[in-house]
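# A closer look at the structure
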Amino acid sequence: MAVLTLIQALNQALREEMRREERMVILGEDVGRLGGVFRVTEGMQAEFGEERVIDTPLNECGIVGAAVGMAMTGMRPCVEMQFADFIYPAFDQIVNELAKVRYRSGGQYSAPVVIRTPYGGGVRGGHYHSQSPEAYFVHTAGLYVVIPSSPAEAKGLLKSALRADDPVLFMEPKRLYRSAREEVSDEEYTIPLGVARVAREGADATLLTYGAMVGPGLEAAEQLALGGAELEVLDLRTLWPLDIETVLASVRKTGRVVIVHEAPRACGYGAELAAQISERAIEYLQAPIVRVTGWDTPFPFALEPQYLPDANRIIQGVQRVLKF
């Protein structure tokens, strides 16, 4: 097994799927000759040609609109949005067209489109390159929303997304692109969508998180264990559809819940998690659910470390539920 960065694992997944599926194409701004702004598609136009790795104009709405048409006629497009912050010009095409194809056609058509996009902070990108808009898309029926937390996870999840028959928004934590390294299997493998992962077992409290926040969550768990508190860390992987059974099984075991994400708190994904748990397992809760999140402000440049949840903030949240 090779030790890969997140970028290398994604590139490997894309290459393998392009070789496996001749109907697959990649399109987006600078994905061809440049290899993408973060170089995830580096070298792919040279291997597969300009008709399968397509440099597009700077037109997010047009890119997704073209991908919808391609998918409805039998192709399998993979779109790259340079940053999640740039996805909003394509919002109408994603929410009103792409996500509705199967429903509005009564199942006659599907739209197997994967939209890859880097999201989140940690790279000093400022407020136009650091946002976490996942909650907007979880709210949209008809979309999968998937966020990996490591290179091996990213490869397996992306391969499953590319084989899915419905649209997938695949959000990549850019702060992990080059900082995360791990062994990634050379053998063929996929990770099913809609299945959460127990990243660390514990009995005293449940931590629900995803993407770049899994690392700080595991760090917090290690520090808490020194004091005798065992934190169970769940990597949700697929935000929607949510693996609610794995979540509830952990909640029933621990009775205490902390939710961590770097998006703002108000109407964030954590609010939906808290509601689902309260509706389905309130009798098991021994303390109020605590959220550790970004702040309800534009993403700051100078105060980025204060905005993003870290192990210390997570520990404080866990201690609140343990002391209740």
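See the structure printed just above.
Read on for an overview of the structure.

How each quantity is defined
Residues numbered from 1 in each chain as written. Predicted model: local features only at pLDDT ≥ 70, side-chain atom pairs only at ≥ 80, totals over all residues. Heavy atoms only, no water. Helix = DSSP H or I, 4+ residues; strand = E, 2+ residues; numbered from the N terminus. Rg over C-alpha atoms; globule rule 2.2 N^0.38 Å. Buried < 20%, exposed > 50% of the residue type's maximum accessible area, 1.4 Å probe, protein only. Contact = heavy atoms within 4.5 Å. Areas by Shrake-Rupley, 256 points an atom, 1.4 Å probe, with all protein chains shown as cover. 1 Å grid on protein atoms, 1.4 Å probe; cavity = no way out; pocket = protein on both sides within 12 Å on 5 of 7 lines; lining within 4 Å. Points joined across faces, edges and corners; volume = space filled by probe spheres on them. Nonpolar A, V, L, I, M, F, W, Y, C, P; charged D, E, K, R; others polar. Axes fitted to C-alpha atoms, helices over the stretch in contact; angles between N-to-C directions. Parallel < 35°, antiparallel > 145°, perpendicular 65-115°, else oblique. Left-handed = near helix turned anticlockwise from the far one by under 90°. Pairing = 2+ DSSP bridges.

In terms of regular secondary structure, the chain is built from 12 helices and 14 strands. Its C-alpha atoms give the chain a radius of gyration of 19 Å, within 12% of the compact-globule value 20 Å for 324 residues. Buried residues in the chain amount to 57% of all 324 residues. Across the chain, contacts joining residues at least 24 apart in sequence account for 82% of those joining residues at least 6 apart. Accessible area for the chain stands at about 13600 Å²; split by element, carbon and sulfur atoms hold 52% of it.

Evaluation of the coordinates by the stated rule reveals 1 cavity of 30 Å³ or more. Its volume calculated, the largest cavity comes out at about 40 Å³. Looking at the lining of the largest cavity, the elements with two or more residues in it are β4 (76–80) and α7 (151–163). Residues belonging to the lining of the largest cavity are distributed by class as follows: 8 nonpolar, no polar and 2 charged.

When two helices pack together, you describe them by how their axes are tilted relative to each other and by the distance separating the axes. Running from N to C, helix α8 (residues 214–226) and helix α12 (residues 311–323) cross one another at 60°; their axes reach a closest spacing of 8 Å. Judged by the inter-axis angle, α8 sits oblique to α12. Handedness of the crossing formed by α8 with α12: right-handed. Contacts from P216, G217, E219, A220, Q223 and L224 of α8 reach α12 at A311, N312, I314, I315, V318 and Q319. In terms of residue class, the contact of α8 with α12 is built from 7 nonpolar, 4 polar and 1 charged.

Attention now moves to the sheet that holds strand β13 (residues 257–264). With mixed pairing, the 5 strands of this open sheet are ordered in space as β9-β11-β10-β13-β14. Each end of this open sheet is capped by a strand with a single partner; those strands are β9 (197–200) and β14 (290–294). Neighbour to neighbour, the strand axes of the sheet diverge by 25° on average, direction disregarded. Inspection of the sheet shows β9 paired to strand β11 (residues 231–235) by 3 bridges, in the antiparallel sense. In the strand pairing of β11, V198 is matched with L234. Against the sheet, helix α10 (residues 269–281) makes contact with β10 (205–209), β13 and β14, and its axis sits at roughly 155° relative to β13, the strand it touches most. Packed on one face of the sheet, α12 meets β10, β11, β13 and β14 and runs near 165° to β14.

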